[in-house]
Amino acid sequence: MVKISIALFIIAIIALSGCTGSTAGKNTADGTVKIIPIMIAHTGYSPSTITVNKGDFVKIQATTAVGTSTHAHGITIDEYEINKRVTTEDPSSPELIEFLADKAGTFRIYCGTCKDGIFSTDHPKIEAKLIVK
């Protein structure tokens with residue numbers, strides 16, 4: 001009887017863990033989860049502006065443009081201590097960058113990988129904006 005109860009308890013936990021679904025647009029304690037796909041090319045980010053609310057939990061799903069993954073672009077947001085190298089071109093398997101938007105303002109997003117890499121100042125400027133309202 002104890003084994004059956006334990007088995008039913010485990011099955012219930014597994015079943016309930018699958019009920020959360022997508023977090024895009026759902027409310028959290030402080031705000032909303034924002035899922036933002038972003039693509040990095042040699043000339044910029046798409047989209048070039050990301051707008052969220054203070055308190056939102058942000059999940060950036062980053063990919064590079066086709067043919068640029070060997071160069072390894074990235075996403076850097078100094079105020080949020082983010083400096084992530086992005087090497088995937090596959091939107092079904094993006095690099096995930098997560099943070100709580102707990103500072104209001106307009107913040108520069110740039111490719112720290114290019115700035116610090118072999119191309120340095122010879123590389124086109126890759127920049128975007130993060131606006132936290």
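Coordinates for the structure precede this section.
Because the structure is a prediction, the values reported are computed rather than measured.

Q: Even after reading the chapter, I still don't get the packing of aromatic side chains, so can you show me in this structure?
A: The relative placement of two aromatic rings is captured by the distance of their centres and the angle of their planes. Counted under the stated rule, the structure contains two aromatic pairs. Between Tyr80 and Phe99 the ring centres are 4.8 Å apart and the planes differ by 45 degrees, which places this aromatic pair in the tilted class. Note that Tyr80 is positioned in the loop between strand E5 (73-77) and strand E6 (82-86) and Phe99 in strand E7 (residues 95-100), a separation of 19 residues in sequence. Per residue, the accessibility class of Tyr80 equals that of Phe99, and both read buried. Centre to centre, the rings of Tyr80 and Phe107 are 5.5 Å apart; their planes meet at 85 degrees, and the pair counts as edge-to-face. Placement of the pair is Tyr80 in the loop between E5 and E6 and Phe107 in strand E8 (residues 105-110), with a sequence separation of 27 residues.

Q: Before we go on, may I ask you to explain the nonpolar core in this structure?
A: In terms of nonpolar packing, the biggest core is built from 24 residues, with Tyr45, Ile60, Ile75, Tyr80 and Leu130 touching the most fellow members. At the level of secondary structure, the elements contributing two or more residues to this core comprise strand E1 (33-41), strand E3 (49-52), strand E4 (57-64), E5, E6, E7, E8 and strand E9 (127-132). For Tyr45, the contacting residues outside a window of four places in its chain are Ile38, Met39, Ile40, Gly74, Ile75, Ile109, Tyr110, Cys111, Ile126, Glu127 and Ala128.

Procedures and definitions
Residues numbered from 1 in each chain as written. Predicted model: local features only at pLDDT ≥ 70, side-chain atom pairs only at ≥ 80, totals over all residues. Heavy atoms only, no water. Phe/Tyr/Trp six-rings, centres within 6.5 Å; stacked < 30°, edge-to-face > 60°. Helix = DSSP H or I, 4+ residues; strand = E, 2+ residues; numbered from the N terminus. Buried < 20%, exposed > 50% of the residue type's maximum accessible area, 1.4 Å probe, protein only. Core = buried A, V, L, I, M, F, W, Y, C linked by side-chain atoms within 4.5 Å. Contact = heavy atoms within 4.5 Å.

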